[in-house]
Amino acid sequence: MIWRTHMAGEPTKELVETTLVLAGWVARRRDHGGLIFVDLRDRSGVTQLVINPELAPEAAELAHQIRNEFVLRAEGTLVARSPETVNPNMSTGHVELQVESLEIVSRSTALPFQLDEENVDETLRLRYRWLDLRREKLQRNITLRAQMVGIIRREMEAAGFLDIQTPILFKPTPEGARDFVVPARLQKGRFYALPQSPQILKQLTMVAGFDRYYQIAICFRDEDLRADRVQEITQLDVEMSFPDQEFLFATMEQMYARIWREALGREIETPFPRLTYAEADRRFGTDKPDTRFELELEDATEVTRNSEFGVFKSAEAVRFLRVPQELSRGDLAKLEELAKEWGAKGLAYLVYDEEGEMRSPIAKFLAEDELALFRSDPGTTVLFAADAWPTTSRVLGALRTHLGSELGLIDEEAFTFLWVYDFPMFERDADEGRWTAVHHPFTRPTADWKERFQDDPEHALAHAYDLIVNGNELGGGSFRIHESEIQAKVFELLGMAEQEQRSKFGFLLDALAMGAPPMGGIALGIDRMTMVLARDPNLRDVIAFPKNQAGVDPMSGAPSEVTQEQLDELGIRVVEQPG
Ligand code: ASP
């Protein structure tokens, strides 16, 4: 006995008159005055089965028991459909299988939801993920992801990168999140940390002489979950010795071009444009600009320094957006609410109506030179942010993104990739006022800052870069510090005393002191890439078995309690019982 001769998406006119065997799931059953129709589905598609009680009485008898999602095996002859029943929307729409024998291979209990039902509660979907994954959209997303990973591997290998596996049970590798820790039974009171990325390990593969490394790596970050974050991130992790930025960028660009071509049939333009961090911040108010639309930020600070309008005069920076629409009072009130959420104190504006007349509560304070700068075409609203520079970036950058989609300014078909580089090396921790690394502490300063980053950490630039598409950060990387002394200086600036440096990163410092080559690399998020490729805004829908936003897997119930015996073995006492 064979299970199947073809996949359900394969039967076409060319196969008419042949005997086929198909096996798959029942997507739908319809009874039509004697004839029974079943849509039989597998990963490749759907074929319509016809069961005629006169030709196949046993099969017809059995067919009455069939329910959605039963597994069937059907043998029969492929026939052409009559012209009025052809379905041109299906690849198999010209044919149907005239069933001769039928077997119910596996039954299903009542379904918690139908596969074609829309807006099913996500917890329910995750609880029955095996069913949810049978849906067309999820089949497509997961397949696309696999296809993409295949291309990535082929491209990386063609470019001479070796796939090297690094451990999951390791020591803290900082990427700015909290660590997941695992108790070590054999070393009571000690813990492994799951790597936030294989950063240190991949650098060690370079010190070890492997020259080019890559891995499809899982990174664990115990973060508070938001809509666009998960705790287990999959990334393409890359490192090279004697790094050449042009080679690295070109390899990534070529890889993306191939993914887009093979998975979507789309050509994307390479090389990708590049922007410095400072320019991205100045023009778009963010380090991940969506360049599918214009609407750039403008700076009025020079002109408003002597303004009669106190708010403008006293602000460190006054910047504005010229929105190509006459916004109503209601719109403006809503935008002001948003601006406040992002840290603005208010939202000043000027409206030029369709006749070119200007209305604004602040008009009377503005001098000629200010008005000359703000003057815009009829049907424009000028929105202002007057504050510290970073606040104006945050507020106008967020308003820009919001208005881009709200006003339909975005070309939804476009993919705009770009590199952002020359990031600041350090930033102050908001709570503690300490310096922290913007990228990670292994990132090297730019050549310009190599000797003096300690003297002016606020302005020091890092040799780091991010890759952006449509306003999403796909990932980023940097050139690394390969000099043990410079690495120690960076640790020191980050507030790490020598003893702490030794206990946390002694092995790295030792390795860097034993013939470490210059090195650099990048990491690109596979989950995020799939979201962009599939144009799916739900991160969990590009992951086969994701956790929900509370970090819980509604299917298995993980995380779960362990037995007292296990705890005793580990020497662990649970202080707070699960609520
Ligand atoms: N380790 C970094 C990250 O995971 C990427 C890199 O610097 O290569 O974001």
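Reading the values: the criteria
Residues numbered from 1 in each chain as written. Predicted model: local features only at pLDDT ≥ 70, side-chain atom pairs only at ≥ 80, totals over all residues. Heavy atoms only, no water. Phe/Tyr/Trp six-rings, centres within 6.5 Å; stacked < 30°, edge-to-face > 60°. Helix = DSSP H or I, 4+ residues; strand = E, 2+ residues; numbered from the N terminus. Buried < 20%, exposed > 50% of the residue type's maximum accessible area, 1.4 Å probe, protein only. Contact = heavy atoms within 4.5 Å. Near = heavy atom within 4 Å. Polar contact = N/O pair within 3.5 Å; in protein donor to acceptor, adjacent residues only side chain to side chain. Nonpolar A, V, L, I, M, F, W, Y, C, P; charged D, E, K, R; others polar. Salt bridge = Lys/Arg side-chain N within 4 Å of Asp/Glu carboxyl O. Core = buried A, V, L, I, M, F, W, Y, C linked by side-chain atoms within 4.5 Å. 1 Å grid on protein atoms, 1.4 Å probe; cavity = no way out; pocket = protein on both sides within 12 Å on 5 of 7 lines; lining within 4 Å. Points joined across faces, edges and corners; volume = space filled by probe spheres on them. Axes fitted to C-alpha atoms, helices over the stretch in contact; angles between N-to-C directions. Parallel < 35°, antiparallel > 145°, perpendicular 65-115°, else oblique. Left-handed = near helix turned anticlockwise from the far one by under 90°. Pairing = 2+ DSSP bridges. Expected span 1.5 Å × (residues − 1). Arc of directions from axis to C-beta.

A. Spotlight on the packing of aromatic side chains. For the structure on display, the rule yields 23 aromatic pairs. Taken together, a centroid distance of 5.4 Å and an interplanar angle of 20 degrees make the contact between F309 and F365 stacked. In this pair, F309 is assigned in the loop between α8 (301–304) and α9 (310–314) and F365 in the loop between β15 (358–359) and α11 (368–374), connecting sequence segments 56 residues apart. Accessibility expressed as a relative area gives 12% for F309, which makes it buried. On the basis of relative accessible area, F365 is assigned to the partly exposed category, the value being 31%.

B. The arrangement of the environment of A414 in detail. With respect to the secondary-structure elements, A414 resides in the loop between α12 (389–406) and β17 (417–424). Setting aside its immediate chain neighbours within four residues, A414 contacts R266, R292, N470 and R535.

C. Summary view of the site of the ligand. Taken together, the neighbourhood of the ligand is formed by 14 residues, with E175, Q199, K202, H440 and R480 sitting nearest. Contact distances for the ligand include 3.3 Å between a nitrogen atom and a side-chain N or O atom of S197. Contact between the ligand and H439: an oxygen atom at 3.0 Å from a side-chain N or O atom of the residue. Elements represented by at least two residues in the shell around the ligand include exactly α5 (199–207), β21 (472–479) and β22 (519–525). Counting residues per element, the shell around the ligand draws most heavily on β22, which supplies three residues. Broken down by class, the residue content of the shell around the ligand amounts to two nonpolar, eight polar and four charged.

D. Spatial organisation of the pattern of salt bridges. Enumeration according to the criterion identifies 40 salt bridges in this entry. One salt bridge in this structure joins R125 and D541, with 3.4 Å as the shortest N-O distance. Here D541 lies in the loop between α15 (526–534) and α16 (564–570) and R125 lies in helix α2 (residues 122–127), a separation of 416 residues in the sequence. A salt bridge links K202 to E239, with the shortest nitrogen-to-oxygen separation between them at 3.7 Å.

E. The arrangement of the environment of G506 in detail. Note that G506 resides in helix α14 (residues 498–512). Between the C-alpha atoms of G506 and H439, which are 67 residues apart in sequence, the distance is 21 Å.

F. Structural view of the nonpolar core. Counting residues in hydrophobic clusters, the biggest one holds 38 residues, and the most contacted among them are L236, Y256 and L524. Counting residues per element, this core draws most heavily on helix α6 (residues 245–264), which supplies nine residues. The residues touching L236, leaving out its near neighbours within four places in the chain, are I152, M156, Y214, Q215, I216, M252, M255, I522, A523, L524 and I526. In this structure, L40, I51, L78 and L97 belong to the second largest nonpolar core, which totals 22 residues.

G. Broad picture of the layout of surface pockets. Computed from the structure, the second largest pocket encloses a volume of approximately 1,200 Å³. Looking at the second largest pocket, it is lined by 38 residues, and the ones nearest its centre are R41, V46, R134, R135 and E136. Secondary-structure elements contributing two or more residues to the lining of the second largest pocket are β1 (19–32), β2 (35–42), β3 (45–51) and α4 (136–158). The leading source of residues in the lining of the second largest pocket is α4, at five residues. For the lining of the second largest pocket, a count of residues per class yields nine nonpolar, ten polar and 19 charged.

H. Representation of the packing of α4 against α6. Two numbers describe how α4 lies on α6: the axes approach to 10 Å, and their chain directions differ by 140 degrees. It follows from the interaxial angle that α4 and α6 lie oblique. Helix-helix and strand crossings are classified by hand; for α4 and α6 the assignment is right-handed. Along its contact with α4, which presents L144, Q147, M148, I151, I152, R154, E155 and M156, the element α6 presents M252, Q254, M255, R258, I259, E262 and A263. Considered class by class, the residues forming the contact of α4 with α6 number nine nonpolar, two polar and four charged.

I. Focus on the sheet that holds β15. Taken in spatial order, the five strands line up as β12-β13-β16-β14-β15 in an open sheet, and their pairing is antiparallel. Looking at the sheet topology across the chains shown, the edges are occupied by β12 (298–299) and β15. Pairing geometry for strand β13 (residues 317–323) and strand β16 (residues 380–387), over seven bridges, is antiparallel. When the bridges of β16 are listed, A317 appears paired with D387.

J. Quick peek at α12. Look at α12: 25 Å from first C-alpha to last across 18 residues, which is about the 26 Å you get at 1.5 Å a residue. If you check which residues of α12 are buried, you get T391, T392, S393, V395, L396, G397, A398, L399, R400, L403 and G404. Where α12 is buried, its residues meet α7 (277–284), β13, α10 (329–341) and β16. Just downstream of α12 lies G408, where phi reads positive at about 65 degrees.

K. Structural view of the side chain of S376. With respect to the helices and strands, the residue S376 is situated in the loop between α11 and β16. S376 gets classed as buried once you look at its relative accessible area, which sits at 16%. Side chain to side chain, S376 and R322 meet in a polar contact 2.9 Å long. When neighbours within four sequence positions are excluded, S376 is seen to be in contact with R322, Y352 and V382.

L. Just α7, in detail. Buried within α7 are the following residues: A280, D281 and F284. What you see down the axis of α7 is that its buried residues fit within an arc of 105 degrees, all on one side. Those residues of α7 that are buried are in contact with β11 (274–276), β13, α12 and β17. Looking one or two places after α7, you find G285, whose phi comes out positive at around 70 degrees.

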